[in-house]
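Architecture at a glance
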Amino acid sequence: MKKLLCLVVLAIMIISGGCGKAPDAANLSDLGGVYSDNWEKIDFENEITGNMPEDISVGITGWPKYELSQEDGSKLSNKPMSWGILRNPNNEPPTANPGTPELLQKYGGYYIGDTSKKEIYLTFDEGYENGYTAKILDVLRDNNVKAVFFITGPYLKNHQDLVRRMVEEGHEVGNHTINHPSLPEVDDKRLEEEILGLDRVFYEKFGKHMTYLRPPKGEFSERTLSISQKLGYTNLFWSFAYEDWHKDRVRGPEYAKNIVLRNLHNGEIMLLHAVSKDNADALDSIIKSVRELGYEFGDINNLINNKKSSIIS
C-alpha cells in the first residue's frame, strides 16, 4: 500500500511539474543569466581601455573635475563615468580623471596600491574563455604569483573547472556581473541581481563569497559605487591596461611584454585580458622581468585589509 501511494505521489509530481509551463528565466533570482545565458550574447567589444592610446605620456587636459554629490544617499548622482587614466613617463603612476580618486576613496574603491612600494597587483578579466586560462594558471603557479580573476555568469556556468583551479590555487575570484552590462544603465534591482546573483551561484559551488567587483566596461557612477559598497563589495579598477581584449588582434608576446614593462609603476593594479594569446605567451617572461626590475607581486587582500586596518586605527 505504501509503495502504491508513493507511485501515485510521483505521478502527480510529474504531471503537475513536467507538463506545466516552464518558468521565465528572466524572472529567476539570478536573472537566469548564470544558468541560461551564453557569452555570445554579451558585448565584450566596448571596453573603456580602448579609449586610452598606448603612447600617452602627458597629464590630463580638458577633463572636467568630478564633484562629489552633496545630496542624501537616495539621490546620489547616476551620471555615467568611464574609468580613465593617462600614462606618465619614467615609471611614474598614471593620472586619473580629476575627482575620481576622491570618489573611489569615499566609497572604498581602489585603482592603485601604495605608490611608495614596488608592488604590482595582477588582475585578469574573464568575460569568456578563449583557451588560454589554463596556461595562465600554470605560469602563475610555477612563479608563485597570486592574481584576481573577474568572471561573468556565463564563464561560471561553462568553465567551473577553471574557476575551481583559481579557488584551489589561492587566487581571488572577483565579480564582473552576470551579463556584463553598463552599471549606470540598469536600475537598482537589476544592479543588485547582476552582482548578487553571480555571487549566490559562486557560493553554492565553492562555499565562499566574492568581495571584489570590477564594473563592466569600466563604466560606473556615484550611485553604482554606493550600492555595490553597501552590498559588501570593493570596487577594483586599474592603473594599467591596454587594448588586449580583441581575440583576433594578435601582435605577439614581445609586444605585450614591452608595453607592460615600460608602464610599470609602484602600487600598480595591472589589468590583462585572459582572452589574449599575446598575454598568455608573454606572462612568464613578464613576471620574471618585473622581478628583475626590483618589483614584486603583491596579494590584493593584503593591500585592502592593511588599508582598512589603518583607517580603523
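Preceding this section is the structure that the text describes.
Residues numbered from 1 in each chain as written. Predicted model: local features only at pLDDT ≥ 70, side-chain atom pairs only at ≥ 80, totals over all residues. Heavy atoms only, no water.

1. Some thoughts on the overall build of the protein
- Counting its secondary structure elements, the protein contains eleven helices and eleven strands.
- Relative to its full complement of 313 residues, the protein shows a buried share of 51%.
- Put simply, of all contacts in the protein between residues at least 6 apart along the chain, 77% involve residues at least 24 apart. (Helix = DSSP H or I, 4+ residues; strand = E, 2+ residues; numbered from the N terminus. Buried < 20%, exposed > 50% of the residue type's maximum accessible area, 1.4 Å probe, protein only. Contact = heavy atoms within 4.5 Å.)

2. A word on the packing of helix 4 (residues 133-142) against helix 10 (residues 277-292)
- For the pair helix 4 and helix 10, interaxial distance at closest approach is 9 Å and the crossing angle is 10°. Taken together, the axes of helix 4 and helix 10 lie roughly parallel to each other. Between helix 4, through Lys-135, Ile-136, Val-139 and Leu-140, and helix 10, the contact on the second element is made entirely by Ala-280, Asp-281, Leu-283, Asp-284 and Ile-287.
- A per-class count over the contact of helix 4 with helix 10 returns six nonpolar, no polar and three charged. (Axes fitted to C-alpha atoms, helices over the stretch in contact; angles between N-to-C directions. Parallel < 35°, antiparallel > 145°, perpendicular 65-115°, else oblique. Nonpolar A, V, L, I, M, F, W, Y, C, P; charged D, E, K, R; others polar.)

3. A closer look at the pairing of strand 5 (residues 147-151)
- A large share of strand 5 lies buried, amounting to five of its five residues.
- Burial of strand 5 is two-sided: the residues Ala-147, Phe-149 and Ile-151 facing one way and the residues Val-148 and Phe-150 facing the other way are all buried.
- As judged from the five bridges shared by strand 4 (residues 119-126) and strand 5, these two strands associate in the parallel manner. Looking at strand 5, one finds that Glu-126 is bridged to Ile-151.
- For the handedness criterion, the β-α-β arrangement of strand 4, helix 4 and strand 5 is classed as right-handed.
- Alignment of strand 5 against strand 6 (residues 172-175), held across four bridges, turns out to be parallel. In the strand pairing of strand 6, Ile-151 is matched with Asn-175. (Pairing = 2+ DSSP bridges. Right-handed = clockwise from strand over helix to strand, strands pointing away.)

4. A few points about the nonpolar core
- Leu-122, Phe-124 and Leu-140 are the most contacted members of the largest nonpolar core, which totals 50 residues.
- The contacts of Leu-140, once residues within four sequence positions are left out, are Leu-122, Phe-124, Val-145, Ala-147, Phe-149, His-171, Leu-283 and Ile-287.
- Membership of the second largest hydrophobic core comes to 26 residues, among which are Ile-112, Phe-220, Phe-237 and Ile-269. (Core = buried A, V, L, I, M, F, W, Y, C linked by side-chain atoms within 4.5 Å.)

5. Some points on unusual backbone geometry
- Phi at Thr-177 takes a positive value of approximately 75°, unusual for a residue other than glycine.
- Considering the arrangement of structural elements, one finds Thr-177 in the loop between strand 6 and helix 7 (188-206).
- In this model, His-180 sits at a positive phi of 60°, which is unusual for a non-glycine residue.
- Here His-180 is to be found in the loop between strand 6 and helix 7.
- Judged by relative accessible area, His-180 falls into the buried class, the value being 2%.

Remember, this is a structural readout, not a statement about activity or role.
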